[in-house]
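# Per-entry structural report
What follows is each chain in one-letter form.
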Amino acid sequence: MAKKHGEHLRKVLELLRRERLYAKFSKCEFWLKKVQFLGHVVTQEGIKVDLAKIEAIQNWKSLKSPMEVPSFLGLAGDNTKIIHVLVERFGGRGT
């Protein structure tokens with residue numbers, strides 16, 4: 001698996017060089033077992049919702065005004081997986 005990953009990495013870096021695009025290697029990490037990206041965790045097993053994001057939504061205090069709704073929606077996004085987890089956890093009770 002690591003050999004195949006190395007080959008893919010080499011091809012990507014060659015393509016970037018050929019197109020005169022350069023990566024800042026101080027900001028690059030290679031051969032990681034998991035990566036957090038846009039509220040998800042990507043591993044060899046697949047992509048899952050980041051549990052920290054679910055926990056933040058579950059612990060969010062009740063909204064007190066309409067002005068707080070955009071902030072909550074920004075955190076929750078339109079991620080249906082999170083909504084399903086919340087429904088399972090709270091059994092459709094709403095709290």
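Details of the structure are given in the entry above.
Attention in this report is confined to the structure presented alongside it. (Residues numbered from 1 in each chain as written. Predicted model: local features only at pLDDT ≥ 70, side-chain atom pairs only at ≥ 80, totals over all residues. Heavy atoms only, no water.)

### Some details on helix α2 (residues 51-58)
Residues spaced three or four apart along an α-helix point in a common direction, a consequence of the helix completing one turn every 3.6 residues. Short version of the rule: Burial classes: relative accessible area under 20% of the type maximum marks a residue as buried, over 50% as exposed, and values in between as partly exposed (1.4 Å probe, protein chains only). Counting from the N terminus, the helices are DSSP H or I runs at least four residues long and the strands are E runs at least two residues long. By construction, the arc corresponds to the directions joining the helix axis to the C-beta atoms. Two N or O atoms count as a polar contact when they lie within 3.5 Å, although within protein this holds only if one can serve as hydrogen donor and the other as acceptor, and sequence-adjacent residues are included solely when both atoms are side-chain atoms.
Turning to α2, its buried residues are Lys53, Ile54 and Ile57. All buried residues of α2 lie within an arc of 100° about the axis, which places them on one face of the element. If you check the start of α2, you find a side-chain oxygen 3.1 Å away from the backbone N of Ala52, and it comes from Asp50.

### What about the side chain of Asp50?
We apply this condition: We count Lys and Arg on the positive side and Asp and Glu on the negative side, and we leave His and both chain ends out. A carboxyl oxygen of Asp or Glu within 4 Å of a side-chain nitrogen of Lys or Arg is what we treat as a salt bridge. In what follows, a contact means two residues having at least one pair of non-hydrogen atoms within 4.5 Å.
Along the chain, Asp50 turns up in the loop between β3 (46-49) and α2. We note that Asp50 is buried and unpaired, the nearest opposite charge coming from Lys34 at a distance of 7.3 Å. Side chain to side chain, Asp50 and Gln36 meet in a polar contact 2.9 Å long. Leave out the neighbours within four places in its chain, and Asp50 touches Gln36, Gly39, His40 and Val41.

### Remarks on the pattern of salt bridges
In total, this model carries 1 salt bridge according to the counting rule given. With its nearest N and O atoms 3.0 Å apart, the salt bridge here joins Arg10 to Glu14. Of the two residues, Arg10 and Glu14 both sit in helix α1 (residues 2-18), 4 residues apart, roughly one turn of that helix. Residue classification places Glu14 among the partly exposed residues on the basis of a relative accessible area of 34%.

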